[in-house]
Amino acid sequence: MALSVREYRARIKSTESMKKITRAMELIAASRIIKAQQRAQAAAPYARELTRAVSAVATFSNVDHALTVEPENPTRAAILIVTSDRGLAGAYSSSVLKEAERLIEKLKEEGKEVDVYVSGRKGEAYFKFRQRPVVQSWTGFSDQPTYDVASDIGATLISAFLNETGEEPEEGTAPGVDEVHVVYTRFRSMLSQEPQAVRLLPLEVVESEERPSEEDLLPLYEFEPSPSEVLDSLLPRYVQSRIFFALLQAAASELAARQKAMKSATDNADELIKKYKRIANQARQAGITQEISEIVGGVNALADAQAGSE
C-alpha cells in the first residue's frame, strides 16, 4: 500500500535526525583517532628499547627464566581477546571474534584446553550470550586505554602462566596455563585494520632482521645485579608493554572503523532522503493530477446535467 505524502515527510524528518547523529559520531571518531595514533607512536620508542634490552639478556645470558622456557607438553592456553565497549563500528568486533574463534579451534585441535580473557563489553556479551565461560574481563576503556589497565591485564596473565599447570588454582586466582595468546586488531591505515593473533608467553622475543654480534652487543649492557634478576624485572614490563601496544592499536582501529561506518551511514541517509523526497514528490504530483481529474470530471458531469435539463 502506497504511503501518503505526510508519511513520507515524517520519514524524511526522522532520517535527517539520524543523519545528524551519524555525522556527529563520524566527526568525534575522526578527532579522537589522531590522538590514538599519536599515543601509539609515542609508545613505540619505549617498546623498541625494552625489546632490545630483553633480547640482550634473554639471548646472551645462560639463564632459563619461567617466562621464556617452552613447556614439554602444553595442555592449556589462555587467550586475551581485545574488542570494543561500544557498537556502531562496523565489523570491528566481529572480525576480532572470528579470528579468536579460529585460534580457539586450532588450539583445541592440538589437544589444549582454552581459557578466555576478554577486553571490551562486546566480547563479554558475545561469550555470555553463548553461555561460554570467561575467566576474567576488563571493560570501559576500549577507545582510550591506559597503561594501568595494561599492567593489570599483564599481571593477571603472567600470574596464570606462572601458576603450576595441572593443579587446581586457589580461590580467586586464575587457572595455570602453558601459553598466553592475544587477539587484537592492528592498525594499518584509515582504510585497513587487520585482526591478528600473537603468542605472548612463553616469550618470543621480537628481534630486528640485522641482529648485532655478541661482541658488539654485550658491551652495551651490564647485567647487574644478575641476568636472572634483570629478567625478573624486564620480562613482566615487556609483556605489559606488548599488551599496552595491542590496546593502543585496537583503540586506533576501533575509531577508524567507527568513522568509516558512520560515514557510510551518513551517505546512506543522504541517499534515503533523496529517495523519499523523490517518491513524495511523485505521490504529491499523482495526488494533484487525481484532484484535477476529479474537478474536470465534476465540471463535465455538471455541464452534461445542465444540457440535459434544457
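Residues numbered from 1 in each chain as written. Predicted model: local features only at pLDDT ≥ 70, side-chain atom pairs only at ≥ 80, totals over all residues. Heavy atoms only, no water.

Draft legend 1. Examining the overall build of the protein more closely. If you tally the helices and strands in the protein, you get six helices and five strands. Listed N to C, the secondary structure of the protein is α-β-α-β-α-β-α-β-β-α-α in terms of helices and strands. For the protein, buried positions account for 39% of its 310 residues. Summarising the internal contacts of the protein: among those between residues at least 6 apart in sequence, 77% fall at separations of at least 24. Of the roughly 18,000 Å² of accessible surface on the protein, 50% is carried by carbon and sulfur atoms. (Helix = DSSP H or I, 4+ residues; strand = E, 2+ residues; numbered from the N terminus. Buried < 20%, exposed > 50% of the residue type's maximum accessible area, 1.4 Å probe, protein only. Contact = heavy atoms within 4.5 Å. Areas by Shrake-Rupley, 256 points an atom, 1.4 Å probe, with all protein chains shown as cover.)

Draft legend 2. Layout of the side chain of Arg 258. Within the fold, Arg 258 resides in helix α6 (residues 227-309). Residues contacting Arg 258, with those up to four places away along its chain left out, are Met 25, Ala 29, Arg 86, Gly 87, Leu 88 and Ala 89.

Draft legend 3. Examining the sheet that holds strand β1 (residues 76-82) more closely. Taking strand neighbours across the sheet as the criterion, the five strands line up as β3-β2-β1-β4-β5 in an open arrangement whose pairing is mixed. Two strands in the sheet have a free side with no partner beyond their single neighbour: β3 (136-138) and β5 (192-201). Geometrically, the sheet is characterised by an average inter-axis angle of 25 degrees between neighbouring strands, direction not taken into account. Direction of pairing for β1 relative to strand β2 (residues 113-119): parallel, over a ladder of seven bridges. Residue pairing across strands places Leu 80 opposite Tyr 117, the latter belonging to β2. Each of β1, β2 and β3 is contacted by helix α3 (residues 121-129), which is oriented at about 135 degrees to β2, the strand it contacts most. (Pairing = 2+ DSSP bridges. Axes fitted to C-alpha atoms, helices over the stretch in contact; angles between N-to-C directions.)

Draft legend 4. How the structure looks around the packing of aromatic side chains. Considering all chains together, one arrives at four aromatic pairs under this definition. On the numbers, 5.1 Å between centres and 85 degrees between planes, the contact of Tyr 126 with Phe 127 is edge-to-face. Judged by relative accessible area, which is 1%, Phe 127 ranks as buried. (Phe/Tyr/Trp six-rings, centres within 6.5 Å; stacked < 30°, edge-to-face > 60°.)

Draft legend 5. Region of the structure containing empty space enclosed by the protein. The full count for this structure, using the stated rule, is one cavity of 30 Å³ or more. Roughly 40 Å³ of internal volume is contained in the largest cavity. Val 82, Thr 83, Tyr 92, Ser 119, Phe 141, Ser 142, Pro 145, Leu 247, Ala 250 and Glu 254 together form the lining of the largest cavity. Here the element with the most residues in the lining of the largest cavity is α6; it accounts for three residues. Each residue belonging to the lining of the largest cavity can be placed in one class, and the counts come to six nonpolar, three polar and one charged. (1 Å grid on protein atoms, 1.4 Å probe; cavity = no way out; pocket = protein on both sides within 12 Å on 5 of 7 lines; lining within 4 Å. Points joined across faces, edges and corners; volume = space filled by probe spheres on them. Nonpolar A, V, L, I, M, F, W, Y, C, P; charged D, E, K, R; others polar.)

Draft legend 6. Representation of the confidence of the model for the protein in the model. Residues of the protein with pLDDT of at least 70 account for 85%, and the chain-wide mean is 82. Overall, residues 206-212 carries pLDDT values under 50, and its contacts beyond four positions in sequence, including any with other chains, amount to ten contacts. Considering only residues more than four positions removed or in separate chains, one finds that residues 214-219, a stretch of pLDDT under 50, has seven contacts. (pLDDT = per-residue confidence, 0-100.)

Draft legend 7. Examining the nonpolar core more closely. One finds Leu 80, Ile 153, Val 180, Leu 201 and Ile 243 to be the most contacted residues of the largest nonpolar core, which totals 43 residues. Per-element accounting of this core gives the leading share, 13 residues, to α6. (Core = buried A, V, L, I, M, F, W, Y, C linked by side-chain atoms within 4.5 Å.)

Draft legend 8. Spotlight on the packing of helix α2 (residues 92-109) against α3. Direction vectors running N to C along α2 and α3 enclose 55 degrees, while the axes themselves pass 10 Å from each other. Taken together, α2 and α3 sit at an angle that is classed as oblique. Between α2 and α3 lies a crossing whose hand is right-handed. Of the residues in α3, those in contact with Ser 93, Leu 97 and Glu 101 of α2 are Lys 122, Gly 123, Tyr 126 and Phe 127. (Parallel < 35°, antiparallel > 145°, perpendicular 65-115°, else oblique. Left-handed = near helix turned anticlockwise from the far one by under 90°.)

Draft legend 9. Expanded view of the pattern of salt bridges. Under the counting rule described, the total for this entry stands at 14 salt bridges. The closest approach of N and O atoms between Asp 143 and Arg 32, which form a salt bridge, is 3.2 Å. Of the two residues, Asp 143 sits in the loop between β3 and α4 (147-162) while Arg 32 sits in helix α1 (residues 5-60), which places them 111 residues apart along the sequence. Residue Asp 143 is classed as buried on the basis of its relative accessible area, which comes to 18%. Glu 113 is the partner of Arg 76 in a salt bridge, and the nearest nitrogen-oxygen pair spans 2.7 Å. Residue Arg 76 is located in strand β1, and its partner Glu 113 is located in strand β2; the two are separated by 37 residues in the primary sequence. The exposure class assigned to Arg 76 is partly exposed, which follows from its relative accessible area of 22%. Through salt bridges with shared partners, a single network forms among Arg 32, Arg 86 and Asp 143. (Salt bridge = Lys/Arg side-chain N within 4 Å of Asp/Glu carboxyl O.)

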